[in-house]
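Fold and geometry: a report
Read off the chains here:
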Amino acid sequence: MSQAAAGAITLYPRRPMPGMGVYNLKLGMWVFLLSEVMFFSSLIGAYIILRFANLDAYAQPGAVLNVPLTAFNTFVLICSSVTMVKGFAALQTGDQRGTRLWLLATVFLGAFFLSVQGIEYYQLASEGFVPSASSYEAEGAAIYGMTFYTLTGFHGAHVTIGVLALIFTSVKAFRGGYTPTKLGGVEIMGLYWHFVDLVWIILFTIVYLI
Amino acid sequence: MTRFTRLPALLTLGVLAVAVAGCGGDGDTGGAPPADATEGAAAVEIENPGVITGTVMFTGTAPDLESIDMDSEPVCAEKHEGTPVQESVVTGTGTLGNVFVSVREGLSQEFPAPSTPVEIDQSGCVYEPRILGVQAGQNITIRNNDAVLHNINATPEANRGFNISQPQEGMTSDRSFSASEIMVPVQCDVHGWMTAFIGVTDHPYFAVTGPDGSFEIENLPPGDYVLEAWHEVYGAQTVNVTVPPSGTAEATFTYDAAMSASAVVPVGDPVDLHDHHISPVAVTPAG
Amino acid sequence: MDWGFPENVSTFGADIDAAYGAIFYATALMFVIVQGLLVYCIIRFRRREGRKAVPIHGNTRLEILWTVVPFFGVMFIAYTSASVWLDIKSPDRMPEDAMELSVTAQQFEWSVTYPGADGQLATADDYSTRNELHIPVDRAVRLTLHAQDVIHSFYLPELRVKQDAVPGMEIPVWLQATATGEYTLGCAELCGLGHYRMRGTVNVYSQQEFDTWAAEEAAIASGAPASLPPVAAR
Amino acid sequence: MSTVALPEYVHHYHDPAHADDRSFVRKYIFSTDHKIIGIQFLFMSLTFLLIGGLLAMLIRWQLGWPGRPLPGGAVLGETRMPGGIMLPEFYNSLMTMHGTIMIFFAVMPLLVGVFANYLIPLQVGAPDMAFPRLNMASFWLAVVSGILMFAGFFVEAGHAAAGWTSYAPLSVVPEYSGVYNGQVLWTVSLIILGFSSLAGAVNYITTIINMRAPGMTLLRLPLPTWALFITSILILLAIPVLTGALILLLFDQVLGTGFFIPEMGGEPLLWQHMFWYFGHPEVYILILPSFGFVSEIIANGARKPVFGYTAMVLALAAIAFLGWIVWGHHMFQSGMNPMLGVGFMATTMVIAVPTAIKVFNWIGTLWQGNLHFHSPMLYSLAFVSMFVIGGFSGVFLASTPVDIPLHDTYFVVAHIHYVLFGGSLFGIFAALTYWFPKMFGRTMNERINKIHFALTFVFFNLTFFPMHELGVNGMLRRVYDYTQYALFQDLVDLNRFISLSAFALFASQLIYAANYIWSLGRGARASANPWRANSLEWTVPSPPPHGNFDSMPVVYRGPYEYSSPESEEDYLPQDAPPAEAPRPEPAPTFA
């Protein structure tokens, strides 16, 4: 047990206990993401139940939604996970410039994803597919619109928060705020980003493909 | 199903939080009129006021009225001689009662709401009167004269609705509507047969016909008006009238028993005022 | 006020009451054991000067015992309950030849629709009663519950029936009364400010009385004026 | 093990030479100190406990004297109690808010907000929480949420009135309920409270996993910390489901969607499934921490190790796990497929097993002990006794056929109050009293506490035990005026008796409140370890300084080594090195 009696402060040794072997911030993020899993599970569960209860109200894949566009968008989001990994790898090797560039690339891809989603929403709305009952002609479409926009909208909100956090992280990276020994911020950012990516892959499968 | 979109509620949540600390009072008395408001249209000086008189005629055979099964509410059944009926169609000899007649177009002035409330009673498990007119902002005093629970569920479109209860005899509640709306349906959910309609106007020029079908609207500024008649079974009609200075205009509406088949009674939705020039008497199938 | 359930006039009510009784005696026994042990410990091991507690950390054999015994106890209760439950609620087990009625709940009344002379629901000669359920004794009755607005719960305490009526769903319920008389009909699920007034009566008649009543009602229904077009409220 | 040293691991321990120079605002209002936050939660939730109790008194007035004007009740206004006569819609608001406030703003923050915050770092030997600022946010979000919830009483058309379960469509459509913004406020408030609980749970879990002192293995954790750990996991996983359901409800309420409206393709039962999928784990959130407190206090009072410590931990975990697969037992009569009912009955019945383990282990802990009946011990013993009754009434409700006559009657009300008041709240009284010296450096008046205990125990049973009888007679819950039913008319006398007992029960609680407040300023000074207990919080001064421990404690044994042959005394602190006598303590203040 090493107690650095540096002045007035007693320091914990690096790992006081046989805990999970991860530092607080990372563990906290994992724990938080568990709750996010439950949140999205509840929304997806509601979607599935409502869809089974109103089979006729849901269009066939591709009948209403623009699947190719969203498939491309999914690819973009997966790419952004790759750039995120690259950024973190660069930071671990001390490559500050690489970190900054990869982070910026992730910001760009995230923002691009959101823009495409915005365009998709705009197109659907102008075709009459809005989340309320009266405006869409197809019978029973109210429940389809409601669930579609709620599910994708909450994912979009998570991506938006992620992009804002990524911008914050990038600014900090440009100021040299991260080093190979101080990389917690980037690592938990990555965890969150990969989670959002993973959720999208599930949502895309359920909402667009099935 | 009609539902309010209460997005503003969300936006004012923060304000509400402050309101708790600040007001702590009763926020629910509704839009009571200012205390110094003088009564009725007297507040507005009308030069050379005119009058509209008229009759709502009725042709054909009036239907038998639906009887109300009040067995489960003996307190109310006792108040009726014989079997109580649903007074949806009240006729005289060739005339129609319970028609709400009001000026729909042609007024340019503003009329402050009267400070005296109008009253509606619940007695013997029916509303009295069944058809009620009130000015926007004017208080409606609702009274329970039965020793049973009544609830008053008003479901307007243009106004904030309410659903309040009066569990004991003698209880009164005051409510008002802020915007004109013809008509606001009122329902007692405990006694499904209990129905009333409240016509809300933003001026004092309205009347409800008696069984003789006659109505009179006084103290009108001279000018051209669109007059509308509304009946819960036979629908709405409009007619053009011209009120001469200090004179009397006549207006006649005619309903036929056959109209009940086609009438969609515009509850809540105002009639299309651009229809009135087609014919002086026209059933407006709105909705 | 009785100490038990209200008088039972339902065929399956006796099974429910028996299940209740069995659980009552089982838990009463456990209650005496547990609270008795607690009181015994409190008195027997109360503080004495100079005595030191015995530092027992546990006893595996005992712990296994009080894991296994309650497990089989409650599983036995669950097993015996299951068949009673399915006899009452499972649509597959409901009597085939039952009289069909339809019950519609709305704020704040029950309306019961009876088949007319043709014995079929949803035909022109149907008639209905408000806040009154009229049934013959000793005959299985199958009711289909509907709700117009919010969730209500069809509650007949003397007939041991309770079943929510959910808007958008059709839920079957069956019952068979064993005694004539007037019983309670209520709403057991909060349905708004008039919830407490949403009650009526169940009239159980002999078959003969019921037929008389039904004939009268059918006559009134067919002789009555055609109802007016619905007022466009609500 | 990585060789990279990360500054995140550095924690500041208290240095007595270094004066605490934080400003008043940083120290007591926007404090990041887990102890201050715990005490903030304490006063917030005690206020709500009082409000929730007052609402219950109004409810009991109406039930004892249906339709009779309450003297002075007219001050509540024409829309609530005109002339002192309660309106049905106000009654519905009262019972809705009694449930909501007691569950979400009184018992839950008392158990978790107060004690998870206060105890976890002290019991695991950490200087503070893993994320102190997140912890502060957790408290202030709860305050915002509480204000929004309370605001509902003052909005037009009154507060939420669809029950604490808020079943759709009643909770969605204003024309059905007569409630407008009150229902929206209810939803928004609980969404915000969800974020508060979540922030707390992330903190507690991380702290317990990562910030234990050396030697504090998982199986040396005191049982309150174990219980709070498992509770936090339940919160972490259950609250997001509620939040999801509430967001859909909010959309239905304000945006005109129809997730729960059948006319629009929605499913009313979906709300019930989502709500109870959260709601049943929530029930365990409301009882597990009390299990922990009571285990700790019974061992202390009996001067004996907890009987079957490992079994106690496993039982906690088993109850928490089973809590996820039993939610349907709230919905036996809801129109759910009856076959599902059978499955849910079976899983529900199984919960009796770990619960029985706990009860027998508590009795085992008393066996051959040397029982000190200090007031926390009395509360704890009452907890065991009352919780057992609540558990037994649960068996009736779990049996699907027996649930038919009992569902939605006062039997359910009796059951929930035996568990939540007789259980959780007795546990809370035990914990509040037991840790009072640690939190405030003073002791509560023991004699007054014992009077409070006796009155509460008697009037609690007089209030709630007869409710079983009401329920068996068929009396419905959530009914404004049961005398409308001919069947229930002869229940008035019993209801009046219950109401009088409830008033006495409420009055008895004021004794405790007065004692609590008086003791804050005037109680006798407490030593560091007045109960002669073993866990780490008793090794530091009362109240503990900012940063808790002077230096990192080292743990050598489990927390319940009472009457160990290793020690001369009948206790042995967790951090006492082997073969070292416990620190001398003055004679116990209880007797």
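Keep in mind that this is a model prediction, so the values were computed, not measured.

About the cut-offs
Residues numbered from 1 in each chain as written. Chains lettered and ligands numbered in written order. Predicted model: local features only at pLDDT ≥ 70, side-chain atom pairs only at ≥ 80, totals over all residues. Heavy atoms only, no water. Helix = DSSP H or I, 4+ residues; strand = E, 2+ residues; numbered from the N terminus. Rg over C-alpha atoms; globule rule 2.2 N^0.38 Å. Buried < 20%, exposed > 50% of the residue type's maximum accessible area, 1.4 Å probe, protein only. Contact = heavy atoms within 4.5 Å. Areas by Shrake-Rupley, 256 points an atom, 1.4 Å probe, with all protein chains shown as cover. Lys, Arg positive; Asp, Glu negative; His and termini not counted. Charge placed at Lys NZ, Arg CZ, Asp CG, Glu CD. Axes fitted to C-alpha atoms, helices over the stretch in contact; angles between N-to-C directions. Parallel < 35°, antiparallel > 145°, perpendicular 65-115°, else oblique. Left-handed = near helix turned anticlockwise from the far one by under 90°. Nonpolar A, V, L, I, M, F, W, Y, C, P; charged D, E, K, R; others polar. Disulfide = S-S within 2.5 Å. Buried area = accessible area lost by both parts, 1.4 Å probe. Salt bridge = Lys/Arg side-chain N within 4 Å of Asp/Glu carboxyl O. Polar contact = N/O pair within 3.5 Å; in protein donor to acceptor, adjacent residues only side chain to side chain.

Some words on the overall build of chain C
Summing up its helical and strand segments, chain C has three helices and ten strands in all. Mapped from its N terminus to its C terminus, chain C presents α and β elements in the order α-α-β-β-β-β-β-β-β-β-β-β-α. Against the globule reference of 17 Å for 234 residues, chain C gives a C-alpha radius of gyration of 26 Å, more extended than a compact globule. When the backbone C-alpha atoms are referred to their principal axes, chain C occupies close to 95 × 40 × 35 Å. Counting only residues that meet the buried cut, chain C has 50% of its 234 residues in that class. Residue pairs in contact within chain C that sit at least 24 positions apart in sequence constitute 62% of those at least 6 positions apart. Put simply, chain C shows about 10,600 Å² of open surface, and 58% of that area lies on carbon and sulfur atoms. Measuring between centres, the 17 positive side-chain charges of chain C sit 24 Å from its 27 negative side-chain charges.

A look at the packing of helix α17 (residues 446-472) of chain D against helix α18 (residues 492-522) of chain D
Residue and element names in this part refer to chain D. Orientation of α17 relative to α18, taken along the N-to-C sense of each, is 155 degrees, at an axis distance of 8 Å. In this view, α17 runs roughly antiparallel relative to α18, as classed from their interaxial angle. Two packed elements cross with a definite hand, and for α17 against α18 that hand is left-handed. Per-class residue counts for the contact of α17 with α18 are 17 nonpolar, nine polar and one charged.

Considering the state of the cysteines
All names here are of chain B. Evaluation of the coordinates by the stated rule reveals one disulfide over all chains. C125 supplies the cysteine sulfur nearest to C188, a cysteine that is in no disulfide, at a spacing of 7.2 Å. Exposure remark for C188: the relative accessible area of 0% places this residue in the buried category.

Side note on unusual backbone geometry
Of note, the amide linkage connecting E128 of chain B to P129 of chain B takes the cis form, showing an omega dihedral of -5 degrees. Relative to the helices and strands, P129 of chain B is located in the loop between β4 (126-128) and β5 (131-135). Across the junction of S542 of chain D and P543 of chain D, the peptide omega takes the value -15 degrees, indicating a cis bond. Position of P543 of chain D among the secondary structure elements: in the segment after α18. For D138 of chain C, which is not glycine, the phi dihedral falls at a positive 55 degrees.

Regarding the interface of chain D and chain C
Tallying the contact residues gives 101 residues for chain D and 86 residues for chain C. Of the roughly 7,900 Å² buried between chain D and chain C, counting both surfaces, carbon and sulfur atoms make up 71%. Counting the surface chain D buries against chain C, the share from its top three residues, F360, I404 and Y485 of chain D, is 8%. Viewed at the interface, chain C and chain D are joined by zero salt bridges. Remark: the boundary between chain D and chain C carries 26 residue pairs in polar contact (both at pLDDT 80 or more). Per-element tally for the side of chain D that touches chain C: the top contributor is helix α12 (residues 352-366) of chain D, with nine residues. Residue composition of the side of chain D that touches chain C, by class: 61 nonpolar, 25 polar and 15 charged.

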